[in-house]
Amino acid sequence: MWSMVRSSGDPVLVGITAGEAAFDLEEKTDQQQVDMLMEALGEIFGDVPAPTHTLVTRWGGDENAVGAYSYMQVGTLGGSDYDILAAPVGETVFFAGEGTCREHPATAAGAFLTGLREAGRIDKMLSDE
């Protein structure tokens, strides 16, 4: 779990489940998943206020994601491969997403941060014109 308060400015908590547990959770309703999370947080921290908004994703059932995170295959260049994937195509196509982040690959934080990176890149490009 990650607290995104530093990067978002709001009290946002992100939780990720992997493997069979993730597929099992997808069988539960959004509310059942939130209730399970709140119960676990309550056991750890005591009285935890109820969230004002929740969003539950189902990547395993998403035909475009199929539960996948990016990963570097054995034999690749590792960190520099992320840089290659992040390289813009001229001044027209810009790439963001956790698969383009060498510091935080396969994470929501990596996806968020690379969105900021590309927005900054575009802003600089437009400011230099």
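Above this text is the structure in question.
Residues numbered from 1 in each chain as written. Predicted model: local features only at pLDDT ≥ 70, side-chain atom pairs only at ≥ 80, totals over all residues. Heavy atoms only, no water.

Participant: Account for the overall build of the protein, naming residues and giving values.
Facilitator: Check the secondary structure of the protein and you find 5 helices and 2 strands. N-terminal to C-terminal, the α/β element order of the protein is β-α-β-α-α-α-α. Relative to the compact-globule value of 14 Å for 129 residues, the protein shows a C-alpha radius of gyration of 18 Å, a clear excess of over 25%. Projected onto the principal axes, the alpha-carbon positions of the protein cover approximately 50 × 35 × 25 Å. In the protein, buried positions account for 17% of the 129 residues. (Helix = DSSP H or I, 4+ residues; strand = E, 2+ residues; numbered from the N terminus. Rg over C-alpha atoms; globule rule 2.2 N^0.38 Å. Buried < 20%, exposed > 50% of the residue type's maximum accessible area, 1.4 Å probe, protein only.)

Participant: Can you lay out the layout of surface pockets for me, pointing to particular residues and giving the numbers?
Facilitator: If you add up the space inside the largest pocket, you get close to 1,500 Å³. Lining the largest pocket are 41 residues, and of these Leu 13, Val 14, Gly 15, Leu 37 and Leu 55 lie nearest its centre. Broken down by secondary-structure element, the contributors of at least two residues to the lining of the largest pocket are strand 2 (13-14), helix 2 (19-25), helix 3 (30-45) and helix 5 (108-127). Top contributing element to the lining of the largest pocket by residue count: helix 3, with 6 residues. Taken together, the residues that form the lining of the largest pocket break down as 26 nonpolar, 12 polar and 3 charged. (1 Å grid on protein atoms, 1.4 Å probe; cavity = no way out; pocket = protein on both sides within 12 Å on 5 of 7 lines; lining within 4 Å. Points joined across faces, edges and corners; volume = space filled by probe spheres on them. Nonpolar A, V, L, I, M, F, W, Y, C, P; charged D, E, K, R; others polar.)

Participant: Account for the pattern of salt bridges, naming residues and giving values.
Facilitator: Counted according to the given criterion, the structure contains 5 salt bridges. Among the salt bridges present, the one from Arg 58 reaches Asp 30, with a minimum N-O distance of 2.6 Å. One end of the pair, Arg 58, is in the loop between helix 3 and helix 4 (79-86); the other, Asp 30, is in helix 3, with 28 residues separating them in the sequence. Here Glu 118 makes a salt bridge to Arg 121, at a shortest N to O gap of 3.3 Å. Remark: Arg 121 and Glu 118 occur in helix 5; sequence separation between them is 3 residues, near one turn of the helix. According to the relative accessible area criterion, Arg 121 is partly exposed, its value standing at 31%. Through salt bridges with shared partners, a single network forms among Arg 117, Glu 118 and Arg 121. (Salt bridge = Lys/Arg side-chain N within 4 Å of Asp/Glu carboxyl O.)

Participant: I'd like a description of the environment of Glu 26, backed by residues and values.
Facilitator: Locating Glu 26 in the fold gives a position in the loop between helix 2 and helix 3. Along the backbone, Glu 26 and Gly 75 are 49 residues apart, and their C-alpha atoms lie at a distance of 33 Å. Sequence-distant contacts of Glu 26, that is, excluding residues within four places in its chain, are made with Gln 33, Arg 58, Trp 59, Gly 60 and Gly 61. One polar contact links the side chain of Glu 26 to the main-chain amide nitrogen of Gly 61, over a distance of 3.0 Å. (Contact = heavy atoms within 4.5 Å. Polar contact = N/O pair within 3.5 Å; in protein donor to acceptor, adjacent residues only side chain to side chain.)

Participant: Please set out a nonpolar patch on the surface residue by residue, giving values where relevant.
Facilitator: On the surface, Met 1, Leu 13 and Leu 37 cluster together into a nonpolar patch covering about 280 Å² of accessible area. Looking at Leu 37, the relative accessible area reads 32%, which means it is partly exposed. (Patch = residues over 30% accessible without salt bridge, like charges linked within 9 Å, V, L, I, M, F, W, Y side chains within 5 Å. Areas by Shrake-Rupley, 256 points an atom, 1.4 Å probe, with all protein chains shown as cover.)

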